[in-house]
Amino acid sequence: MFSQELLSCLIQQISFLRDSLERGETHFSHSEIETQLSVLESVKDYAQKSGFESTTQSVADDDALLADVLNNPENLTPFAVRSIPEDLKNEISLTDTDKFEIDVLNLIDKAKNKRISLNNLLIALRITTGITYTRTILNNRLYRMVKKDMLFSVPGRKGLYTTNRDVQHELNNEENKDIVFEDEVDMDLLK
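Numbers given for residues are sequential positions, taken from 1 along each chain in its written order. Given that this is a predicted model, residues contribute local features only at a pLDDT of at least 70 and side-chain atom pairs are listed and counted only at 80 or more, while totals for whole chains, interfaces and linings are drawn from all residues. As a rule here, side-chain values come from all non-hydrogen atoms in the structure, and water together with hydrogens is ignored.

Quick word on the confidence of the model for the protein
The pLDDT value tells you how sure the predictor is about a given residue, anywhere from 0 up to 100. Summing up the model confidence of the protein, the mean pLDDT is 75 and the portion of residues at 70 or higher is 73%. Numbering of helices and strands runs from the N terminus, with a helix taken as a DSSP run of H or I at least four residues long and a strand as a DSSP run of E at least two residues long. The secondary structure element of the protein with the lowest average pLDDT is helix α9 (residues 167-190), at 49, and the one with the highest is helix α7 (residues 118-129), at 94. Contacts: residue pairs with any heavy atoms within 4.5 Å of one another. Here residues 53-57 scores under 50 on pLDDT; set against residues more than four positions off or in separate chains, the count is eleven contacts. Note that residues 176-191 has pLDDT below 50 and, in this model, zero contacts with residues that lie over four places away or in other chains.

Structure, rendered in structure tokens:
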């Protein structure tokens, strides 16, 4: 069910984007903002036409979807694509690159520890999409996803990718634990 608060938030966001576009005070291109405005207008129209009722989602799901869309203004996320109603999906244009990125992110999110090697990703994409990518092409596409902060290379592990944003922080903590342990051993030897 769409809440009045959600609709109000949509209207405010649309107004903010239009004002930013008119003043030219934005880091995004005119076409990117127009695309986002179009999506937000579609969601707003859907909310108004449904009389604030959605049969497929709860208010929490709608709020999560809105937050996801607003936090990722340039790219649709797999969560957004899975969460939007079917009639709205027909209005959204997904490029082949969008579909590829969504497929990759979905596969990595399903993998153990949300990590997958380049080799296993080649196999998983072939099984799920029917497309056989060359290693070079897949590597180049993954590199672009890493540059967009959609995907992360696991430091110290060549060809291993994750969707976990905190992978660098986790590895630093693990290294610090190892250092503390090594220091404790050295201290014991000195006594």
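Quick notes on helix α8 (residues 135-147)
A helix is expected to reach a length of 1.5 Å times the quantity of its residues less one. Helix length check: α8 (13 residues) gives 18 Å between terminal C-alpha atoms against 18 Å at 1.5 Å per residue, within 8%. Per-residue accessibility, obtained with a 1.4 Å probe over protein chains only, is compared with the maximum for each type, and a residue is labelled buried under 20%, exposed over 50%, and partly exposed between these values. Along α8, the positions that sit buried rather than exposed are Leu138, Leu142 and Met145. Along the long axis of α8, the arc covered by the buried residues comes to 55 degrees, so they all point the same way. Of the exposed residues in α8, those oriented more than 90 degrees away from the buried face are Thr136, Tyr143 and Lys147. As used here, the arc is the angular range of directions from the helix axis to the C-beta atoms.

Examining the nonpolar core
Within soluble globular proteins, side chains that are nonpolar tend to cluster in buried spots. Take the buried residues of types Ala, Val, Leu, Ile, Met, Phe, Trp, Tyr and Cys, join any two whose side-chain atoms come within 4.5 Å, and each joined set is a nonpolar core. With 19 residues, the main nonpolar core has Val104, Leu121, Leu125, Leu138, Leu142, Met145 and Leu151 as its most contacted residues. Elements with a contribution of two residues or more to this core: α6 (96-110), α7 and α8. Setting aside residues up to four positions removed in sequence, Leu125 forms contacts with Phe100, Asp103, Val104, Leu107, Gly130, Ile131, Tyr133 and Leu138. In terms of nonpolar packing, the next biggest core, distinct from the first, is built from 13 residues, Ile14, Leu65, Val69 and Ile84 among them.

Brief notes about the packing of α7 against α8
The axes used here are C-alpha line fits, helices contributing only the stretch in contact, and every angle between their N-to-C directions lies in the interval 0 to 180 degrees. One can describe the packing of α7 onto α8 by two numbers: an axis separation of 11 Å at closest approach and a directional angle of 105 degrees. As judged from the angle between their axes, α7 and α8 are roughly perpendicular. Where α7 abuts α8, its residues Leu118, Asn119, Leu121, Leu122 and Leu125 lie against Arg135, Leu138, Asn139 and Leu142. Angle categories: roughly parallel below 35 degrees, roughly antiparallel above 145, roughly perpendicular from 65 to 115, and oblique for all the rest.

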